[in-house]
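Notes for the structure review
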Amino acid sequence: MTTAKHPQGLADLAATIAAGTVTSVAATTAALDRIEAAQPTLNAFRVIRRTEALAEAADADRRRAAGDRAPLLGVPIAIKDDTDIAGAPTAFGCGGEFPAATEDAEAVRRLRAAGAVVVGKTNTCEIGQWPFTDAAAFGYTRNPWDAERTPGGSSGGAAAAVAAGLLPAALGSDGAGSVRIPAAWTHLVGLKPQRGRISTWPRAESFYGLTVNGPLARTVADAALLLDAVSGPHPGDRHTPPAITATEAVGRDPGRLRIALSLRIPFTATRTALDPEVVLVVRETAAVLRRLGHQVTITDLHYGLLVGAAFLPRSMVGVRRELAKLPGAEVDPRTRANAATGRILAGPALALSRALEPLLHKRIGRFFDDHDLVLAPTTATPPPPVRAMDGLGSRATEALITAACPFTWPWNVLGWPSINVPAGFTGAGLPLGAQLMGPANSDALLISVAAQLESELHWDRLWPRPWWEERA
């Protein structure tokens, strides 16, 4: 790892462009050059929009000269390849030729309104199913901290791009941990906001409410800035939580909180175990929270069995539904198998899974009568080898991903907010994360506590050694 000078963060770059110190064209060109230079080795992007992005950057410079002060004016940003941007296909990790989207997704529309320049679409695994980012259609996306490790998934391309300093922030999505897991394994802040805070339109909801969009950034302030830029409903959205201003929560004193440290793994059908190095860094995070004045007690959160029943049908039917939008898609047999499972679960099982959610809100919500937040591991293990899924069947793949990532998915069932914070490194130098989880609409509180941790731990000062430049 290194502490050498690297490209600016989101807020700093926005301020520099607003001051006229650098143009958007220069900043966007530099980001595109870094992306293209790293693409043969890091492989973070599915679509690179050089011509379109430079035209958007030139327009941003004209807007700034005319007095426009949009919060992200001229700043290069990336979106995940499950999100529509007009003029580019949305392959969602699948192989094949697909038509270009004709309209921007609502989140992209809001990014544009905030002045951001969308430089491209980042890689994701097929239909976002796994905590790995690889597919026959594009190969392997690699972890900036270790070329032989996965950056996680399914927002692994976004995480790799930000962790490598190719650009200051990116928008991912999280249906079972797909923002928080790659954030943990690449030393980033990854925020899964309250369901509906960022619109998923043209989907009224995504994966039957499991999946939400969320920011990946190096600092809490940058994640909050991006969250504010893209938050807000579309008239067709199924979920519309009360509005917040995330940037106002950064630096706000949350008061003395009651935080439960829970290392208990939610029930899974396959065998799981918590890596001792993960336990160590999460306990160290708890110690920092105690130094900050919070009451942290070891209190396991018991999810029960119903949370799994509320997850699986929505996930599998969601895979089937998304794959049906991509006629002729060339996908892995495991994707076809999951879509077939979705066909079986699309009737009463799906209806039951939705009916269970209010009961889970009530039962798990009672835990927050005595606690304000939960601190837990984000993953059970360090990042696995980049090729760990190769050649596995469906059952072995499920065992692999469940063993590595059993902690994040219940909060997708609940729809409540959670944030990954960098928690340290293994002895081999691999990043690990911890997640803070809160009840409904606790996004601002989570941001305040995460910012407190950052002020103590200064994780933004550490960067990976740029092996992707050396090997390009």
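What counts, and at which threshold
- Residues numbered from 1 in each chain as written.
- Predicted model: local features only at pLDDT ≥ 70, side-chain atom pairs only at ≥ 80, totals over all residues.
- Heavy atoms only, no water.
- Buried < 20%, exposed > 50% of the residue type's maximum accessible area, 1.4 Å probe, protein only.
- Helix = DSSP H or I, 4+ residues; strand = E, 2+ residues; numbered from the N terminus.
- Pairing = 2+ DSSP bridges.
- Right-handed = clockwise from strand over helix to strand, strands pointing away.
- Phe/Tyr/Trp six-rings, centres within 6.5 Å; stacked < 30°, edge-to-face > 60°.
- Contact = heavy atoms within 4.5 Å.
- Axes fitted to C-alpha atoms, helices over the stretch in contact; angles between N-to-C directions.
- Parallel < 35°, antiparallel > 145°, perpendicular 65-115°, else oblique.
- Nonpolar A, V, L, I, M, F, W, Y, C, P; charged D, E, K, R; others polar.
- Polar contact = N/O pair within 3.5 Å; in protein donor to acceptor, adjacent residues only side chain to side chain.
- Expected span 1.5 Å × (residues − 1).
- Disulfide = S-S within 2.5 Å.

1. Details of the pairing of strand β3 (residues 117-122)
Buried residues dominate β3, accounting for six of its six residues. Summarising the sheet, strand β1 (residues 45-48) and β3 pair through three bridges and their orientation is antiparallel. In the strand pairing of β3, Phe 45 is matched with Thr 122. Sheet topology places strand β2 (residues 76-80) next to β3; five bridges connect them, and they run parallel. Its bridge partner lying in β3, Ile 77 is registered against Val 118. Note that the unit made of β2, helix α4 (residues 106-113) and β3 has a crossover that is right-handed.

2. Details of the packing of aromatic side chains
For the coordinates displayed, the defined rule picks out eight aromatic pairs. Here Tyr 303 and Trp 411 contribute two aromatic rings whose centre-to-centre distance is 6.3 Å and whose plane-to-plane angle is 90 degrees, an arrangement assigned as edge-to-face. Taken together, the residues Tyr 303 in the loop between β10 (295-298) and α10 (306-324) and Trp 411 in helix α14 (residues 410-414) connect sequence positions 108 residues apart. Judged on exposure class, the residue Tyr 303 and its partner Trp 411 are both buried. Measuring from ring centre to ring centre gives 6.3 Å for Phe 368 and Trp 411, while their planes differ by 70 degrees; the resulting arrangement is edge-to-face. Taken together, the residues span a long stretch of sequence, with Phe 368 in the loop between α12 (348-365) and β11 (373-377) and Trp 411 in helix α14 at a distance of 43 residues. With relative accessibility at 12%, the residue Phe 368 sits in the buried group. Under the relative-accessibility criterion, Trp 411 is labelled buried at 0%.

3. Description of the side chain of Gln 452
When you line up the elements, Gln 452 lands in helix α15 (residues 443-457). Owing to a relative accessible area of 16%, Gln 452 belongs among the buried residues under this scheme. The residues touching Gln 452, leaving out its near neighbours within four places in the chain, are Asp 253, Pro 254, Leu 292 and His 294.

4. Some remarks on unusual backbone geometry
With the exception of glycine, the majority of residues adopt a negative phi angle, and the majority of peptide bonds are in the trans configuration. Residue Ser 154 is bonded to the preceding Gly 153 through a cis peptide linkage, with omega at 5 degrees. Tracing the chain through its elements places Ser 154 in the loop between β5 (139-140) and α5 (156-163). That bond from Trp 201 to Pro 202 is cis: its omega, 25 degrees, falls within 30 degrees of zero. Relative to the elements of secondary structure, Pro 202 occurs in the loop between β7 (189-192) and β8 (212-217). Residue Ile 127 is not a glycine yet carries a positive backbone phi of 55 degrees. Looking at the element boundaries, Ile 127 is found in the loop between β3 and β4 (134-135). The phi dihedral of Asn 441 is positive, around 60 degrees, even though this residue is not glycine. Asn 441 gets classed as partly exposed once you look at its relative accessible area, which sits at 35%.

5. So, the packing of helix α7 (residues 220-230) against α15
With their axes 9 Å apart at the nearest point, α7 and α15 run at an angle of 150 degrees to one another. The angle between α7 and α15 places the two elements in the roughly antiparallel class. In contact with Val 220, Ala 224 and Leu 227 of α7, α15 contributes Ile 447, Ala 450, Ala 451 and Glu 454. Split by residue class, the contact of α7 with α15 holds six nonpolar, no polar and one charged.

6. Comments concerning the sheet that holds β8
Here we have 11 strands laid out as an open sheet, ordered β1-β3-β2-β6-β8-β7-β12-β13-β11-β9-β10, and mixed in their pairing. Single-partner strands in this sheet number two, and they are β1 and β10. Shown here is a sheet whose adjacent strand axes are inclined to one another by a mean of 25 degrees, direction ignored. Direction of pairing for β7 relative to β8: antiparallel, over a ladder of two bridges. Paired with Val 189 across the strands is Ala 217, a residue of β8. The sheet contacts of α7 involve β6 (169-174), β7 and β8, and relative to β8 the element is tilted by about 145 degrees.

7. Some words on the side chain of Asn 123
Examined against the element boundaries, Asn 123 turns out to sit in the loop between β3 and β4. Residue classification places Asn 123 among the buried residues on the basis of a relative accessible area of 1%. A distance of 3.0 Å separates a polar side-chain atom of Asn 123 from the backbone oxygen of Asn 43. A polar contact is formed between the side chain of Asn 123 and the side chain of Thr 141, at a distance of 3.5 Å. Residue contacts for Asn 123: discarding those within four places in its chain leaves Asn 43, Ala 44, Phe 45, Arg 46, Thr 133, Phe 138, Thr 141, Ser 154, Gly 156, Gly 157 and Ala 158.

8. With respect to α15
The end-to-end C-alpha distance of α15 is 21 Å, a good match for the 21 Å that 15 residues give at a rise of 1.5 Å each. Here α15 has its buried residues at Asp 443, Ala 444, Leu 446, Ile 447, Ser 448, Val 449, Ala 450, Ala 451, Gln 452, Leu 453 and Glu 454. After α15 finishes, the residue His 458 shows a positive phi value of roughly 50 degrees.

9. Looking at the pairing of β10
In this structure, strand β9 (residues 258-261) lies alongside β10, joined through four bridges in parallel fashion. Within β10, the position partnered with Ile 259 by the bridge is Val 296. Each parallel crossover has a hand, and for β9 linked through helix α9 (residues 276-291) to β10 it is right-handed.

10. Comments concerning the state of the cysteines
Considering all chains together, one arrives at zero disulfides under this definition. Cys 125 provides the cysteine sulfur closest to Cys 94, a residue in no disulfide bond, and the two sulfurs are 9.4 Å apart. Cys 405 carries a free sulfur, and the closest cysteine sulfur to it, the one in Cys 125, is 11 Å from it. Among the residues examined, Cys 405 registers a relative accessible area of 9% and is labelled buried.

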